[in-house]
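# Descriptive analysis of the structure
Here is how the chains run, residue by residue.
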Amino acid sequence: MDKVIKQLTEMKIGKVLEQEPLANHTTMKIGGPADLFIVPSSVENIEKTMQVIKEHAIPWRAIGRGSNLLVSDGGIEGAVLKLGRGLDHIEMNGTEIKAGAGVSLVSLSVQISKKGYAGLEFASGIPGSVGGAVYMNAGAHGSDMSEILKEAHVLFEDGSLAWLSKEEMEFSYRTSVLQKKRPGIVLEAVFQLTEGDKTEIVARMQDNKNYRKDTQPYNLPCAGSIFRNPLPHHAGKLVENAGLKGHSIGGAQISPMHGNFIVNTGNGSAADVQALIQHVKDTVYDKFEVEMETEVEIIGRK
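Residues numbered from 1 in each chain as written. Predicted model: local features only at pLDDT ≥ 70, side-chain atom pairs only at ≥ 80, totals over all residues. Heavy atoms only, no water.

By the naming in an unreviewed UniProt entry, the chain is UDP-N-acetylenolpyruvoylglucosamine reductase, taken from Peribacillus simplex.

If you want it as structure tokens, here you go:
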């Protein structure tokens, strides 16, 4: 790994760290170290980084702001690429918006609203980045990324790059083609919005923000929704009806505010969270014969 670090450092691709705790880079504040932690400073430097990773056959994955992510206590083998600074550009061409993967969804939605453009109001309270949101088709309040995406700039596992149209992204509920069928990461995204009344747009955003503040526990470290809604049921309601709100294992607790959120009360581990997830799955199935599937992505060493 020393040779790889030296090579990347000499190439000046950005920040390169060894054994960096992922707890510092996830919204749940949980996660062991990455063997190699890289923050590329541009799209071009991501390409250079991938060339080195391929040359040395290093396993890798990318993260954004670390929401919707649970990293194991054993950390991550190989390299983790954090898409943040250097990939936080925003270009506006009328109602067509191009944004880098590292752009905060909240920040983007605020900037868009000030221009009087509609379509991103649903994202005003989602604590993630553009790249991760497109990758998993993030959504809320009856809308999602598939409603506004025009195309996405994708880096695939083999190091190749391509722009994929909305149709090629093959969006469905909280998934895209990039998760299994064509593994890759989003570097940039182009959104097609519409002109609207600025006052109405800002009001809708504030309503969405207030709803999240009143019903979801973002005052404590969490990863967002833990389970997908097993339609026609709602995950949070199933957990609540099973009597599990407030239930704890170690430092992980099912939020008393919302049954589909697990919070880190201060000293939680990934093992605590995973044990709590399994307890929810078992209990809900025993009571209602409904299988719960996780929405949060669980990664890292076993």
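## Overview of the overall build of the chain
Along the chain, the regular secondary structure elements total seven helices and 18 strands. Its C-alpha atoms give the chain a radius of gyration of 19 Å, within 12% of the compact-globule value 19 Å for 302 residues. Here the chain, with 302 residues, has 52% of them falling under the buried criterion. In the chain, once contacts between residues fewer than 6 apart in sequence are set aside, the share between residues at least 24 apart is 65%. Treating the 32 positive side-chain charges of the chain as one cloud and the 37 negative ones as another, the clouds have centres 4 Å apart. (Helix = DSSP H or I, 4+ residues; strand = E, 2+ residues; numbered from the N terminus. Rg over C-alpha atoms; globule rule 2.2 N^0.38 Å. Buried < 20%, exposed > 50% of the residue type's maximum accessible area, 1.4 Å probe, protein only. Contact = heavy atoms within 4.5 Å. Lys, Arg positive; Asp, Glu negative; His and termini not counted. Charge placed at Lys NZ, Arg CZ, Asp CG, Glu CD.)

## Structural notes on the sheet that holds strand β17 (residues 262-264)
Read across the sheet, three strands follow the order β15-β16-β17 without closing on themselves; strand pairing throughout is antiparallel. Each of the sheet's edge strands pairs with one partner strand only, and the pair in question is β15 (248-249) and β17. Bridge count between β15 and strand β16 (residues 252-254): two bridges; the pairing is antiparallel. If you follow I249 over to β16, its bridge partner there is A252. Across the sheet, helix α7 (residues 270-288) is in contact with β15, β16 and β17; its angle to β16 comes to roughly 30°. (Pairing = 2+ DSSP bridges. Axes fitted to C-alpha atoms, helices over the stretch in contact; angles between N-to-C directions.)

## Some words on the domain arrangement of the chain
Each assigned domain of the chain is listed here: domain 1 (1-82), domain 2 (90-215) and domain 3 (235-299). Relative placement of domain 1 and domain 2: their C-alpha centres are 24 Å apart. Taken over both partners, the interface formed by domain 1 and domain 2 buries close to 1100 Å², and the fraction arising from carbon and sulfur atoms is 72%. Interface area lost by domain 1 to domain 2 is led by V43, W60 and R65, which between them contribute 42%. If you look at where domain 1 meets domain 2, you find zero salt bridges. Linking domain 1 to domain 2 there are one residue pair in polar contact (both at pLDDT 80 or more). Here the side of domain 1 that touches domain 2 gets five residues from one element, more than from any other, and that element is helix α2 (residues 43-55). In the side of domain 1 that touches domain 2, the residues fall into five nonpolar, four polar and three charged. (Domains from an automatic or database assignment. Buried area = accessible area lost by both parts, 1.4 Å probe. Salt bridge = Lys/Arg side-chain N within 4 Å of Asp/Glu carboxyl O. Polar contact = N/O pair within 3.5 Å; in protein donor to acceptor, adjacent residues only side chain to side chain. Nonpolar A, V, L, I, M, F, W, Y, C, P; charged D, E, K, R; others polar.)

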